[in-house]
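Letter by letter, the chains look like this.
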Amino acid sequence: MNANEVCADEVAIGEAGASRAHGWSAVFAMSLCAATLVASEFMPVSLLTPIASDLHLTEGQAGQAIAVSGLFAVLTSLFIAPATPRLDRRSLLLGLTVLMLVSGLAVASAPNAAVFLGGRALVGMVIGGFWSLSAATVMRLVPSEDVPRGLAILNGGNALATTVAAPLGSFLGQYIGWRGAFFSVVPVAAVTFAWLFLTLPPMPNRTRADAFATFKVLSRPRVPLGMLAAALFFLGQFALFTYLRPFLETVTGVDTSTLSLLLLVLGVSGLVGTSVIGRILQTSLYGSLVVMPLAMALLAVGLIGFGASLPVVAVLLALWGLIGTAAPVGWWTWVSEALPDDAEAGGGLMVAVVQLAITGGATFGGLLFDHAGYRVTFAFSAFVLTGCAAAALLSARGARLATRPQP
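All values derive from a computational prediction rather than experimental measurement.

### A look at the overall build of the protein chain
Here is step 1: Secondary structure assignment for the protein chain yields 15 helices and zero strands.
Here is step 2: Relative to its full complement of 407 residues, the protein chain shows a buried share of 51%.

Quick look at the structure:
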């Protein structure tokens, strides 16, 4: 090998290393985008009263801000891939980031309810589009063996925002008003745009232009069972999680400061879960998808039996956060494994399934909580999570049969 060949090899290695570094930097930028989106989505929870007062709405009407963003997230997730067949995915993600910035400006400066809800519709579109593209994008940014780790980093932003969104919104609203709290998203969105602009490589669209591509993935083997399992997981999780506060206040008997501390424990344990789940999924994806909902079902039963004991409840909630925040990483990893050649369509369907399951869990869980009490609600959660584990197990068996060598 002559000196020129050695030099060329060194240059190639250097370029590969730089490309790899840029890929990981883009993953972290997407994690920041995810954190900003989740904070934007749930910030109204802690600001309903001042929003309603300023815009002359009831608190129930102001609460529709979350429902509006959820509705547009579902619609966008189902149709963004076929609606943008020729658009480079780098340009699409940058456009969604700009739309997030515009949403923050619209909500923060809204003179009336119509503009406010219009801004919330925009953030819903960003949520649906971003999460639909997330798995497919990570698959193109990092080596295949590192996809679970990349998705864990991405969902780390989700976990962080889930932990701080409501208390941060309340804190900012107290000092700079609800408009200032929403405006705080704007500079973060600008930083996210600049970071993505510098690190995302060109990503020409690889998917076919088919208006029904998102639904056609259901014809693939294992996909219907996997989507059913994912739906049952989020349905069971949010049937319980949505009503933790009234449970803790009335059954465990905690005051406001203790409640905040328990929710912080829940969030911090979720951060820990997302930091370790990537390595676990690399070695046992389907085993994790079966074990995690079963463990959460046992935790739900534990809350029924020991709900009056604060130390036990604190431990159970820490475990709930550890597993429940990490589990979505497993489902996104499953999308990348089950649909490696159609991850955008699979991601869009997964977003729709998750959003609808969360809505269904919160709604049905609320009906049970109001009319039958927390025991029936939490038992329902445990039952559904057990069903999730059963569906995941059947999906795992299908995966093993599909990969078994034919005689």
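### Considering the confidence of the model for the protein chain
Here is step 1: Looking at the protein chain as a whole, the pLDDT averages 81, with 86% of positions reaching at least 70.
Here is step 2: In this model, residues 5-18 is a region of pLDDT below 50 whose contacts with residues beyond four sequence positions or in other chains number two contacts.

### What about the pattern of salt bridges?
Here is step 1: This structure, assessed with the given rule, holds one salt bridge.
Here is step 2: Here Asp54 makes a salt bridge to Arg179, at a shortest N to O gap of 3.1 Å. Linking Asp54 in helix H2 (residues 48-55) with Arg179 in helix H6 (residues 147-183), this pair joins segments that are 125 residues apart in sequence.

### With respect to helix H10 (residues 244-252)
Here is step 1: Here H10 has its buried residues at Leu244, Phe247, Leu248 and Thr252. End-on, the buried residues of H10 take up no more than an arc of 95°, which puts them together on one face.

### Some details on the packing of aromatic side chains
Here is step 1: Following the criterion strictly, the structure yields 14 aromatic pairs and no others.
Here is step 2: Note on Phe233 and Phe234: the rings are 5.2 Å apart at their centroids and 90° apart in plane angle, and the pair reads as edge-to-face. As far as burial versus exposure is concerned, Phe233 and Phe234 are alike and both buried.
Here is step 3: An aromatic cluster is built from Phe116, Trp178 and Phe182, whose rings are joined through pairwise contacts.
Here is step 4: Its end group placed over the ring of Phe197, Arg90 keeps NZ or CZ at 4.9 Å from the ring centre.
Here is step 5: One Lys or Arg, Arg149, reaches over the ring of Trp24 and ends 4.5 Å from the middle of that ring.

### Details of the environment of Leu32
Here is step 1: Inspection of the secondary structure assignment puts Leu32 in helix H1 (residues 3-42).
Here is step 2: Looking at Leu32, the relative accessible area reads 25%, which means it is partly exposed.
Here is step 3: Taking C-alpha positions, Leu32 is 5.8 Å from Gly157, a pair spaced 125 residues apart along the chain.
Here is step 4: When sequence neighbours within four positions are dropped, the list of residues in contact with Leu32 reads Val188, Val191, Thr192 and Trp195.

### Let's talk about the packing of helix H9 (residues 223-241) against helix H12 (residues 285-306)
A packed helix pair is summarised by two numbers, namely the angle formed by the two axes and the spacing between the axes.
Here is step 1: Two elements in contact, H9 and H12, have axes separated by 11 Å at closest approach and are oriented at 20°. In terms of orientation, H9 lies roughly parallel with respect to H12. Considering how the two elements wind past one another, H9 and H12 form a crossing that is left-handed. Facing H9, whose interface residues are Phe233, Gln237 and Leu240, H12 presents Pro293, Met296, Ala300 and Leu303.

### Let's talk about the nonpolar core
Here is step 1: Among the nonpolar cores identified, the biggest contains 110 residues, and Phe130, Trp331, Trp334 and Met350 are the most heavily contacted of them.
Here is step 2: Sorting elements by how many residues they give to this core places helix H13 (residues 310-338) first, with 13 residues.
Here is step 3: Discounting residues that sit within four places of it in the chain, Trp334 has contacts with Arg222, Val223, Gly226, Met227, Leu285, Tyr286, Leu289, Leu339, Met350 and Ser395.

Rules behind the numbers
Residues numbered from 1 in each chain as written. Predicted model: local features only at pLDDT ≥ 70, side-chain atom pairs only at ≥ 80, totals over all residues. Heavy atoms only, no water. Helix = DSSP H or I, 4+ residues; strand = E, 2+ residues; numbered from the N terminus. Buried < 20%, exposed > 50% of the residue type's maximum accessible area, 1.4 Å probe, protein only. pLDDT = per-residue confidence, 0-100. Contact = heavy atoms within 4.5 Å. Salt bridge = Lys/Arg side-chain N within 4 Å of Asp/Glu carboxyl O. Arc of directions from axis to C-beta. Phe/Tyr/Trp six-rings, centres within 6.5 Å; stacked < 30°, edge-to-face > 60°. Lys NZ or Arg CZ within 6 Å of the ring centre and 35° of its normal. Axes fitted to C-alpha atoms, helices over the stretch in contact; angles between N-to-C directions. Parallel < 35°, antiparallel > 145°, perpendicular 65-115°, else oblique. Left-handed = near helix turned anticlockwise from the far one by under 90°. Core = buried A, V, L, I, M, F, W, Y, C linked by side-chain atoms within 4.5 Å.

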